[in-house]
Each structure stands twice: as C-alpha cells, then as structure tokens.
Amino acid sequence: MGRSIAGMGGAHPIDVVLFDLGGVLVDPGGVEPMRLLSRLASDDEVWARWLSCRWVRRFESGACTPEDFAKGVVADWGLDLDPGEFLAEFASWPGGPYAGALDLVGAVGTAVPVGCLSNTNAAQWLAHLDGTALADAFDYRFLSFELGMVKPDAATFLSVADRLPAPPERVVFLDDNAANVEGAASVGFVARLARGVEEARAVLLDVGLLAG
C-alpha cells in the first residue's frame, strides 16, 4: 500500500482515494436527454428520481436484463417512446473520460492507492470503459453491477469499506451527487462533492494529497 498522506490539517491521514466515475472523471451523458424525455424541470429532479427508481437500482445492481430495465423505466416514467428506442438512446449516453482524468488518477496513484466506486451496468461498462487506460489505472474497482448493490445505500459503502486496506476515516471519496456524498459520509468516509476533474483536483489539493 502507498504511503499515507496527512491531510485535513493533519487530522485524517489518507490511505486510499476512491473516485466516482460519471460526472467526476467521465462524461455520463444522459441527464439532459432524460430531463427532456421525462419533462422534469431540472437536472436535480432527474437525479433524485433516477437514484430512487426501482428499475435503475435493479439494473445497476445486476438484477435484471437490459430489456426489462427499459420496459420498466418507460412505464414508470411515462416516456413517449417504446422500450427498444429508449434502450438504444440509453446505450449512446456515456461519453469518454474528461480531459485530464487519467493524469489526475495517475498523480494520485503515485501517493496512495486509487479506486473507483460507480453505479453502472455491465452493458455500458463493457461498451465504454472496460479495458481503457483509465479503468486499468485503478488499484480497486467497485462497480455496482458486480457488487449487487448501489449508491447511495449505506450498505454499499460498508461493503466497499470491508474490502479496503484502510478504515473509512482514512479513505477520501469523491462524487458529483450530494446523496452519494452523504451516504459515504454516514459510514465514515472522508466524502466530498466534486463535479468534474478540476473540482476533484481542488478537493485533493485541499486535503493535502496533491501539491499546488
């Protein structure tokens, strides 16, 4: 394991950094298309409903097929397209890593082990991230469809904590969604909100992990 870094004014040595993927290191796509499809008023409303949607939770925990996921979302959200059309749109949403994402993970990895903790599904992971330089840069990969559980549930963070070589209070977790940050903090992670690479870098500078 890499060396500990004294951050947070020396109060919390850091042994591991965990990144969310979509919205922090990777362009997730989908928020604006889903807002338009669902006719919701804001991205925050889309996220709140998405994270609590039973079909999203089932799909991202590996508990249903893509076809059942699409049928369920179309029905529950009242979308004006058929499941096949929705599934085709959904598959096209994710983009690639943000500029500077790989460099940031590499820089952090010279100090401490790095990992990702992401709500995702097998189809999108295999199509867009598996085997990429970014995916291969992580020492630990915690993917919801492999874990069988999703963020922001406390059980997800507890399960991940059990698999890390450091207690939660020595793990920094970065996510772009406030609910996930709150879930991580509830079990003791040093959890911080970060939207995009530059905000993530700023947080890691603030905790003393990266040099200015």
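Our structure is the block above this text.
Residues numbered from 1 in each chain as written. Predicted model: local features only at pLDDT ≥ 70, side-chain atom pairs only at ≥ 80, totals over all residues. Heavy atoms only, no water.

Q: Residue-level account of the packing of aromatic side chains, with values.
A: Here the structure, examined in full by the defined rule, presents 14 aromatic pairs. Measuring from ring centre to ring centre gives 5.9 Å for F69 and F86, while their planes differ by 50°; the resulting arrangement is tilted. Taken together, the residues F69 in helix α4 (residues 66-77) and F86 in helix α5 (residues 83-92) connect sequence positions 17 residues apart. F69 sits in the buried class, given a relative accessible area of 0%. Since its relative accessible area comes to 0%, F86 is described here as buried. (Phe/Tyr/Trp six-rings, centres within 6.5 Å; stacked < 30°, edge-to-face > 60°. Helix = DSSP H or I, 4+ residues; strand = E, 2+ residues; numbered from the N terminus. Buried < 20%, exposed > 50% of the residue type's maximum accessible area, 1.4 Å probe, protein only.)

Q: Lay out the packing of helix α1 (residues 31-38) against helix α2 (residues 43-52) with the relevant residues and their values.
A: It is at 9 Å that the axes of α1 and α2 come closest, and there the two elements cross at 90°. One element, α1, and the other, α2, form an angle in the roughly perpendicular class. Along its contact with α1, which presents V31, M34, R35 and S38, the element α2 presents D43, V46, W47 and W50. (Axes fitted to C-alpha atoms, helices over the stretch in contact; angles between N-to-C directions. Parallel < 35°, antiparallel > 145°, perpendicular 65-115°, else oblique. Contact = heavy atoms within 4.5 Å.)

Q: I'd like to hear about the pattern of salt bridges, residue by residue, with values.
A: Applying the stated criterion to the full structure yields 8 salt bridges. Here R35 ties to D43 by a salt bridge, and the two come within 2.8 Å at their closest N and O atoms. On the basis of relative accessible area, R35 is assigned to the partly exposed category, the value being 22%. Look at D43 and you get partly exposed, because its relative accessible area is 36%. Among the charged side chains, a network of salt bridges with common partners joins D20, K151 and D175. (Salt bridge = Lys/Arg side-chain N within 4 Å of Asp/Glu carboxyl O.)

Q: Which residues make up unusual backbone geometry, and what are the values?
A: It is generally the case that most residues other than glycine have a negative phi and that most peptide bonds are trans. Here the amide bond leading from K151 into P152 is cis, since omega sits at 10°, within 30 degrees of zero. Residue placement: P152 occurs in the loop between α9 (144-147) and α10 (154-162). Phi angles above zero are rare outside glycine, and R39 is one such case at about 60°. When its relative accessible area of 56% is taken as the criterion, R39 is described as exposed.

Q: So what about the layout of surface pockets? Which residues, and what values?
A: For the largest pocket, the calculated volume is near 220 Å³. Forming the walls of the largest pocket are V31, E32, D43, D44, W47, A48, L51, D176, N177, A178, A179 and R195. No other element matches α2, which puts 5 residues into the lining of the largest pocket. Residue composition of the lining of the largest pocket, by class: 6 nonpolar, 1 polar and 5 charged. (1 Å grid on protein atoms, 1.4 Å probe; cavity = no way out; pocket = protein on both sides within 12 Å on 5 of 7 lines; lining within 4 Å. Points joined across faces, edges and corners; volume = space filled by probe spheres on them. Nonpolar A, V, L, I, M, F, W, Y, C, P; charged D, E, K, R; others polar.)

Q: Outline the environment of V114, listing residues and values.
A: As for its position among the elements, V114 is in strand β4 (residues 114-118). Relative accessible area serves as the criterion here: at 1%, V114 is assigned to the buried category. C-alpha of V114 to C-alpha of A191: the two residues are 77 residues apart in sequence and 15 Å apart in space. Excluding residues that lie within four positions of it along the chain, V114 makes contacts with V17, F19, V105, V108, G109, A137, F138, D139 and Y140.

Q: Talk me through α2; I want residue IDs and the actual numbers.
A: At 3.6 residues per turn, the α-helix brings residues three or four places apart onto the same side. Taken together, the buried positions of α2 are occupied by V46, W50 and L51. On an axial view of α2, the arc spanned by its buried residues comes to 120°, and they lie on one face. Of the exposed residues in α2, those oriented more than 90 degrees away from the buried face are D44 and S52. In the core, the buried residues of α2 are packed alongside α1, α3 (54-60), α4, α5 and α11 (178-186). (Arc of directions from axis to C-beta.)

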